[in-house]
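Structural description and commentary
Listed below are the residues making up each chain.
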Amino acid sequence: MKVTIVGTGYVGLVTGVILASAGHFVYCVGRNKEKLQKINAGTSPFFEPGLEKLLRIVLKKGLLKAVSDIQNAVSQSEVIIIAVGTPTLNDAIDLSQIEIVSKQIGEALRQSNSYHVVVVKSTVVPGATEKIALPILEKSSGKKVGKDIGLSMNPEFLREGQAVSDALHPDRIVIGSHDEKSSKTLLKLYKEFVCLKVVTNIKTAEMTKYTANSLLATMISFSNEIARICEDTGGIDVIDVWRGVHLDSRLNPIIKEKRVEPGFLKYLFSGCGYGGSCFPKDTKALVSYAQKAGIEAQLLQSVVKINSSQPLRMIAHLKKALKNLERKKIAVLGLAFKPETDDTRESPAIPIIKTLLSEGAVVRVYDPKVKHLVDSNIDKSLVTFSKNVQDAVINSDAVLIVTAWDEYKKLTPEFFWKKMKNPVVIDGRRIYNKDKFLKAGILYRGIGYG
Ligand code: UDX
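What you are looking at is a predicted structure, and each value in this text was computed from that prediction instead of being measured. (Residues numbered from 1 in each chain as written. Predicted model: local features only at pLDDT ≥ 70, side-chain atom pairs only at ≥ 80, totals over all residues. Heavy atoms only, no water.)

What follows concerns the sheet that holds strand β13 (residues 329-333). Spatial strand order, β15-β14-β13-β16-β17-β18: six strands in an open sheet with parallel pairing. Edge positions in the open sheet fall to β15 (383-385) and β18 (443-446), since each of these has one partner strand only. If you compare each strand with its neighbour and ignore which way they point, the axes differ by 20° on average. As paired strands, strand β14 (residues 362-366) and β15 are joined by three bridges and run parallel to one another. Counterpart to R364 in the pairing with β15 is T384. Against the sheet, helix α14 (residues 312-322) engages β13, β16 (398-401), β17 (424-427) and β18, with an angle of about 160° to β17. (Pairing = 2+ DSSP bridges. Helix = DSSP H or I, 4+ residues; strand = E, 2+ residues; numbered from the N terminus. Axes fitted to C-alpha atoms, helices over the stretch in contact; angles between N-to-C directions. Contact = heavy atoms within 4.5 Å.)

Listed below in structure tokens is the structure:
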């Protein structure tokens, strides 16, 4: 099939490469010419394990082309996927890019005599596809949705850092469609992908995405609330608490005398807060959407509130260890919102660095993939980027672990003793063996252990 994906960001490019690898011909439409050239030359504009390799393979096979001419791409494609950003504006979702792109697609379809399905992949609040994209498409194309053109909402469930394998081997594909012909077209598009396909209406698909992300965010904030209670009680390590909780056979069934160990339990841990392009944005959008519908989403409001203050627990730990932060040299290990990505959107590292600077600390940072700060509120001249972990840690008064990169996991108590006078390690991701560090005389504190 011929497919157009509008948007060459994270979701757009990963989806494009994966669909091309399944044998479809894909146009990736973007506006930034430099970025398009990069993609056509086989370079991914962002770091994502495995993406560049697959991109080169599909380019070589002639199955993907990054272009700026939306009109030409759309008119030739049976399926047109909208994968533009839906950022947060005043705590609510900003759908302006969906509106612009829907109009452009409609205009491109005006002269077409063949059938096309327009698919919203961007995360949008329930009702947005039918209330916003549909009327714009109909007006600008002069055609009827459900008759001349199809309409679907097909949320993505990709995790950064694992997006390629998630997309190649999805756990489910949710297809929300306006009509049967649209869903049949999407089932054909995803024929090569073996998994359960949930066919539903558009609003349900939109809500499924929000609910999935909100559930995960809720579990994380819950685990962080429990961590706070453990820290302030003293003598309890949240890791031990979770071990005991996870063994409940309703969470962790025993089948044929063996523990199943569900992936969810491996995923869930207490830490210095969730970040990224999805959880923070989607939970806030759902709260605001519910409010407009007359529902006070009390639980989700708390989830958001807990997460916004969670990074500052790191500062509280640090102050307990060092008292005053004025002129103290602090090494921040990790800027990405999670390992295996160079994405710093909503990363807990940002509020942590801001607070350190406002308290007069001298900040050195090191992240294996992030080499500059995109958050403009931070005075970049006050932050030193170290070229490696040794340079960041040497002679520092304390080290904060903010991202669970494998490179940091390998650091030993001996390493910290070698580089620091009185090592203080505040572990925001609980990557170290607490007993080993304490035994080695390190002042070790972390989320869930005070
Ligand atoms: C998430 C969803 O997992 C994915 O299905 C959806 O499509 C997009 O949003 P992603 O944002 O890439 O994916 O990362 P994820 O691995 O879910 O982590 C999100 C944030 O939560 C990270 O900052 C991570 O460090 C944090 N996290 C995760 C925790 O703080 N504790 C946890 O237990 C798990």
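With that settled, the discussion passes to helix α10 (residues 238-246). Of all the positions in α10, only V238, W242 and H246 are classed as buried. End-on, the buried residues of α10 take up no more than an arc of 70°, which puts them together on one face. When the buried face of α10 is taken as reference, the exposed residues oriented beyond 90 degrees from it are R243 and G244. Taking the backbone nitrogen of I239 as reference, a side-chain oxygen 3.0 Å away marks D237 as the first, capping residue of α10. (Buried < 20%, exposed > 50% of the residue type's maximum accessible area, 1.4 Å probe, protein only. Arc of directions from axis to C-beta. Polar contact = N/O pair within 3.5 Å; in protein donor to acceptor, adjacent residues only side chain to side chain.)

Our focus in this paragraph is unusual backbone geometry. The phi torsion at K256 lies on the positive side, around 50°, for a residue other than glycine. Within the element layout of this structure, K256 appears in the loop between β11 (254-255) and β12 (258-259). Taking the relative accessible area as the measure of exposure, K256 reaches 80% and is therefore exposed.

Looking now at the pairing of β18. Of the strand pairs in this sheet, β17 and β18 are connected by four bridges, and their pairing is parallel. Directly across from V424, in β18, lies its bridge partner L443.

Below, the discussion takes up the packing of helix α1 (residues 10-21) against helix α3 (residues 51-60). Each pair of packed helices gets described by two things: the angle between the helix axes and the distance between those axes. Contact geometry of α1 with α3 gives a least axis separation of 9 Å together with a crossing angle of 50°. Considering the angle they form, α1 stands oblique to α3. The chirality of how α1 crosses α3 is left-handed. Counted together, L13, V14, V17, I18, A20 and S21 of α1 and L51, L54, L55 and V58 of α3 form the full contact between these two elements. The residue inventory of the contact of α1 with α3, partitioned by class, reads nine nonpolar, one polar and no charged. (Parallel < 35°, antiparallel > 145°, perpendicular 65-115°, else oblique. Left-handed = near helix turned anticlockwise from the far one by under 90°. Nonpolar A, V, L, I, M, F, W, Y, C, P; charged D, E, K, R; others polar.)

Further remarks concern the side chain of R313. Take R313: it is sitting in helix α14. Judged by relative accessible area, which is 18%, R313 ranks as buried. For R313, the side chain forms a polar contact with the side chain of D232, separated by 3.3 Å. If we skip the residues at most four places from it in the chain, R313 touches R228, E231, D232 and I447.

On to the site of the ligand. Taken together, 20 residues surround the ligand, and among them E160, Y267, F269, F337 and K338 come closest. One nitrogen or oxygen atom from the main chain of E160 is found 2.6 Å from an oxygen atom belonging to the ligand. One nitrogen or oxygen atom from the main chain of G275 is found 3.0 Å from an oxygen atom belonging to the ligand. Contact with the protein chains hides 94% of the accessible area of the ligand, taken as 660 Å² for the molecule alone. Considering every element that reaches the shell around the ligand, the biggest residue donor is helix α9 (residues 202-233), with four residues. (Near = heavy atom within 4 Å. Areas by Shrake-Rupley, 256 points an atom, 1.4 Å probe, with all protein chains shown as cover.)

Before going further, it helps to examine the packing of helix α12 (residues 279-292) against helix α13 (residues 298-309). At a minimum axis separation of 9 Å, α12 and α13 run at an interaxial angle of 145°. Here the hand of the crossing between α12 and α13 comes out left-handed. In this structure, α12 uses T283, K284, L286, V287 and Q291 to contact α13, whose residues at the interface are L300, Q301 and V304. Residue composition of the contact of α12 with α13, grouped by class: four nonpolar, three polar and one charged.

In this section: the pairing of strand β1 (residues 2-6). Looking along a regular strand, one sees the side chains alternate between the two faces of the sheet. Counting buried residues along β1, four of its five residues qualify, which places the element largely inside the surrounding structure. Relative to strand β2 (residues 25-29), β1 is paired through five bridges, and the arrangement is parallel. Residue T4 lies in a different strand from β2, and its bridge partner there is Y27. Tracing the backbone out of β1, into α1 and back to the parallel element β2 gives a crossover that is right-handed. For β1 and strand β4 (residues 79-82), the ladder comprises four bridges, and the chain directions are parallel. Paired with V6 across the bridge in β4 is I82. (Right-handed = clockwise from strand over helix to strand, strands pointing away.)

Right, let's get into the nonpolar core. Among the nonpolar cores identified, the biggest contains 56 residues, and L333, L356, L400, F416 and Y432 are the most heavily contacted of them. The greatest single-element share of this core, amounting to six residues, is contributed by helix α15 (residues 349-358). Leaving out residues up to four positions away in the same chain, L356 has contacts with I315, L318, L325, I330, V332, A361, V363 and L400. (Core = buried A, V, L, I, M, F, W, Y, C linked by side-chain atoms within 4.5 Å.)

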